[in-house]
Structure formats: C-alpha cells, structure tokens
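# Examination of the molecular architecture
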Amino acid sequence: MEPLLPAEAEAADMMSSLPAHLLDEILTRLDLRDAERTSVLSCVWRRRWECLPGLALCFTPPSANVVKIDTIPFIFRNLKSLAIETRFFEMHPILLLFPLLRSSPDLEKLKIEIRNWEPEWVTNCDILSEEWTNAQWTDGMCANLQVVQINNYIRWLPLSFMKLILSKASLLHTLSVDVCPVSQDDPQNELLKCRRASAQAQVLFKCT
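Only a predicted model underlies this, so the values are computations on that prediction, with no experimental measurement involved. For every chain, the first residue of its written sequence is number 1, and the numbers climb from 1 along that sequence. In view of the model being predicted, local features appear only for residues whose pLDDT reaches at least 70, and side-chain atom pairs are presented and counted only at 80 or more, with totals across whole chains, interfaces and linings using the full set of residues. Note that the side-chain values use all heavy atoms of the structure and ignore hydrogens as well as water.

Moving on, we get to the overall build of the chain. We count a stretch as a helix when DSSP gives it H or I for four or more residues in a row; a strand needs E for two or more, and each element gets its number in order from the N terminus. Scanning the chain from N- to C-terminus turns up seven helices and six strands. Scanning the chain from its N terminus toward the C terminus, one meets helices and strands in the order α-α-α-β-β-α-β-α-β-α-β-α-β. Burial status follows relative accessibility: with a 1.4 Å probe on protein chains alone, a residue under 20% of its type maximum counts as buried, one over 50% as exposed, and anything between as partly exposed. Within the chain, the proportion of its 208 residues that are buried is 40%. Two residues qualify as a contact provided that any one of their heavy atoms is within 4.5 Å of a heavy atom in the partner residue. For the chain, the share of sequence-separated contacts (at least 6 apart) that also reach a separation of at least 24 residues comes to 82%.

Before going further, it helps to examine the nonpolar core. Residues belong to one nonpolar core when they are buried, are Ala, Val, Leu, Ile, Met, Phe, Trp, Tyr or Cys, and are joined through side-chain atoms within 4.5 Å. The biggest cluster of nonpolar side chains holds 48 residues, and the ones touching the most others in it are Leu-82, Leu-110, Phe-161, Met-162, Ile-165, Leu-172 and Leu-175. Among all residues touching Leu-110, those that are not within four sequence positions of it are Leu-82, Leu-101, Leu-145, Val-147, Val-148, Gln-149 and Phe-161.

Moving on, we get to the packing of aromatic side chains. Only Phe, Tyr and Trp rings are paired, with Trp represented by its six-membered ring, and only when their centres lie within 6.5 Å; those with planes under 30 degrees apart are stacked, over 60 edge-to-face, the remainder tilted. Within the structure shown, the criterion is met by two aromatic pairs. Between Phe-98 and Trp-132, the aromatic rings sit 5.9 Å apart at their centres with planes inclined by 80°, giving edge-to-face as the arrangement. Highlighted residues: Phe-98 in helix H4 (residues 92–102) and Trp-132 in helix H5 (residues 130–135), separated in sequence by 34 residues. Across this residue pair, the class does not change: Phe-98 and Trp-132 are buried. Ring plane angle 80° and centroid distance 5.8 Å describe the contact between Phe-98 and Phe-161, whose orientation is recorded as edge-to-face.

The subject of this paragraph is the pattern of salt bridges. What counts as a salt bridge is simple: a side-chain nitrogen of Lys or Arg found within 4 Å of a carboxyl oxygen of Asp or Glu. Enumeration according to the criterion identifies two salt bridges in this entry. Note that Glu-130 is salt-bridged to Lys-163, the shortest N-O span being 2.7 Å. With Glu-130 in helix H5 and Lys-163 in helix H6 (residues 159–168), this pair connects stretches of sequence that are 33 residues apart. Residue classification places Glu-130 among the partly exposed residues on the basis of a relative accessible area of 39%. Taking the relative accessible area as the measure of exposure, Lys-163 reaches 14% and is therefore buried. The partner of Lys-163 in a salt bridge is Glu-190, with the nearest N and O atoms 3.0 Å apart. Pair noted here: Lys-163 is in helix H6 and Glu-190 is in helix H7 (residues 190–193), with a separation of 27 residues, a long-range link. Through salt bridges that share partners, Glu-130, Lys-163 and Glu-190 make up one connected network.

These figures capture arrangement, not role.
Okay, here's the thing in structure tokens:
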C-alpha cells in the first residue's frame, strides 16, 4: 500500500481528532462495507465500527454465487438499534438475519423494512417452517430486545420468525406489524394467540 500524501495524512489526522460522537455519526452514515474499511485509517478508527450503538443495513438482491453466512466473527457489543432493509426472497436475507441477532447481545430495537417482493422470486420455502426457524435460536439471543417493527409486510417474512421472537424475547414489549388481519381466519391472528416470553409483550397491527 502506498503511503498517504501529506494532504491526505493531514486530513486523516484531523478526522481522527474528532469527538467520539462525531466519529460514530460518520460511521452510521456509511454502508457496512465502507464502515469496516475505516479501520485502516488510524488506530482511533480501528474496529470502531463494531462498537456502534445503531446500525442500518440495506441488502441488494444476492447473486447466484453468493456466499452463505452462518456466523459473524465478531460481536456488536454496543449495538442497541438495528434496521434492516432488503427484499426477503430466497434464503440469503434471513440466513444473515439470524447471525446478526446472535452477534448483537444488547440489541433493544429491531426494525425490518421489506422491499418490493414478488412470489415468483421465492426458490426455497424451508424458511417458512417453524421447525427450521426454531432451530436457529441460541441461548442469549435477543436477551434485551424490547421493540420489533416490521414495515411493508407482505406475508413473506415468515410468520414463524415473529412467533419465535414473541416466545423467546423475555423483555419484549412491542411487536408492530403494518398489516391488518382481514378475517378471523387470517394467519396473522396466530400472533395474538401464541405463547409469549414477556407478560408485557403486545402485538400491534397497523391498519391503513
């Protein structure tokens, strides 16, 4: 790697001298890959992105040769708020969602924004089963989770995922879904009847 030019080195030094809250503000505005790359700037930036209190991720559709992620090799020790925006089709986004939750032991708020979805995109329906979803749970997962917000719900994010959160997250007080059951037989009503780990947990349907 070529050494930084004097002007570049001076700029890097100036950024490293910023207050901690401004460093975090810069990192929260970056894509996850770019945030990770800031570790090479200086010792002040090194691995700082792993300590962010909030993280917003936007996933593009995976290619055919995408690498499957089972684990994340570090812990987001200060992460309190996680926002994910993606198209939930195939298994890639949900296979990544579970490692993210396992790596965020202090997470308090989870927001899932579901982007455009078409039924013909679905290529593997195994993630719809409660057996598969329950098998992804590990001890300590979502131990501090209090709020889950799901936007643009189009009955694709597995209902089993939401039931799992209700049955396991002992501090949960709100699960908000922007969908309104259309009848007594609507599957979404299962959320109102499933077992809850927290006596304070509420299921809120947002009817528009």
